Amino acid sequence: MPVTVLIVDDSKLARIVAGKALAELQPEWKKVEAGSAAEALEIVGAHEVDVALIDFNMTEKDGLELATELRALRPDMPLAIITANIQDEIVARAREVGAAFVAKPVTTDSLEGFLSGAALRLRSTKA
């Protein structure tokens, strides 16, 4: 069963960069992209999404608000907040919703820990 990763960022370039890092680390995983929180919620409502990478700074709602909504819909989904702006308050809010942190710009190094943890969690829940 292929794993599907949702990459949410209002910057197309940032989605491409994250997608490349993802493809290097987990070439068999599928990716879907959303340019906004609303689009992300539509995709999650219509498709089987296993993991979400969510940009913190987006226009209509921030990544933590979206992560909170996704957590309500999919309690076990591994979530990561992607941001260059790692402040204590944001880290604390991310922990509250059970989201990891990935520093921007996304690289294979910054993404590797989160993805290997996500893969382990998915194996245990899908088994």
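Residues numbered from 1 in each chain as written. Predicted model: local features only at pLDDT ≥ 70, side-chain atom pairs only at ≥ 80, totals over all residues. Heavy atoms only, no water.

**Considering helix H1 (residues 12-25)**
Defined as follows: Comment: elements are numbered from the N terminus, with helices defined as DSSP H or I runs of at least four residues and strands as E runs of at least two. To estimate how far a helix should extend, the number of its residues minus one is multiplied by 1.5 Å. Only protein chains enter the accessibility calculation, which uses a 1.4 Å probe; a residue is then buried when its area is under 20% of its type maximum, exposed when over 50%, and partly exposed in between. This arc is taken over the directions from the axis of the helix to the C-beta atoms.
With 14 residues, H1 should reach 20 Å at 1.5 Å per residue; the first-to-last C-alpha distance of 20 Å fits that figure. Of the residues making up H1, those classed as buried are Ala14, Arg15, Ala18, Gly19, Ala21 and Leu22. Buried residues in H1, looked at end-on, bunch into an arc of 165°, giving them a common side. Structural note: H1 exposes Lys12, Leu13, Lys20 and Glu24 on the side pointing more than 90 degrees away from its buried face.

**Digging into unusual backbone geometry**
Lys104 connects to Pro105 through a cis peptide bond whose omega is -5°. Along the chain, Pro105 turns up in the loop between strand S5 (99-103) and helix H5 (108-126).

**Looking at a nonpolar patch on the surface**
Keep this limit in mind: Each patch groups residues whose relative accessible area exceeds 30% and which form no salt bridge, using 9 Å between like charges and 5 Å between nonpolar side chains of Val, Leu, Ile, Met, Phe, Trp and Tyr. Accessible surface area values rest on a Shrake-Rupley calculation with a 1.4 Å probe, where residue burial reflects the displayed protein chains alone. When a carboxyl oxygen of Asp or Glu lies within 4 Å of a side-chain nitrogen of Lys or Arg, that pair is called a salt bridge.
A cluster of nonpolar residues, Leu13, Ile16 and Val17, forms a patch on the protein surface that exposes about 240 Å² of accessible area. Note that Val17 resides in helix H1. On the accessibility criterion, Val17 (32% relative accessible area) is partly exposed.

**Quick look at the confidence of the model for the protein**
To be explicit about the condition: Confidence of the predictor at the level of single residues is captured by pLDDT, which takes values from 0 to 100.
Here the protein shows a mean pLDDT of 92. Residues at 70 or above account for 98%. Mean pLDDT across the secondary structure elements of the protein bottoms out at helix H4 (residues 88-96), with 86, and peaks at strand S1 (residues 4-8), with 98.

**Observations concerning the pairing of strand S3 (residues 51-55)**
Formally: Pairing between two strands is assigned when DSSP locates at least 2 bridges connecting them. A crossover gets the label right-handed when its path from the first strand over the helix to the second runs clockwise, viewed with the strands pointing away from the viewer.
For S3, the tally of buried residues reaches five of five residues, placing the bulk of the element in the interior. What you see with S3 is no split at all: Val51, Leu53 and Asp55 on one side and Ala52 and Ile54 on the other are buried throughout. Here four bridges tie S1 to S3, and the two strands are oriented parallel to one another. Directly across from Leu6, in S3, lies its bridge partner Ala52. Examined bridge by bridge, S3 and strand S4 (residues 79-83) share four bridges and lie parallel to one another. Of the residues in S4, the one forming a bridge with Ala52 is Leu79. Following the chain from S3 across helix H3 (residues 63-73) to the adjacent parallel S4, one finds a crossover that is right-handed.

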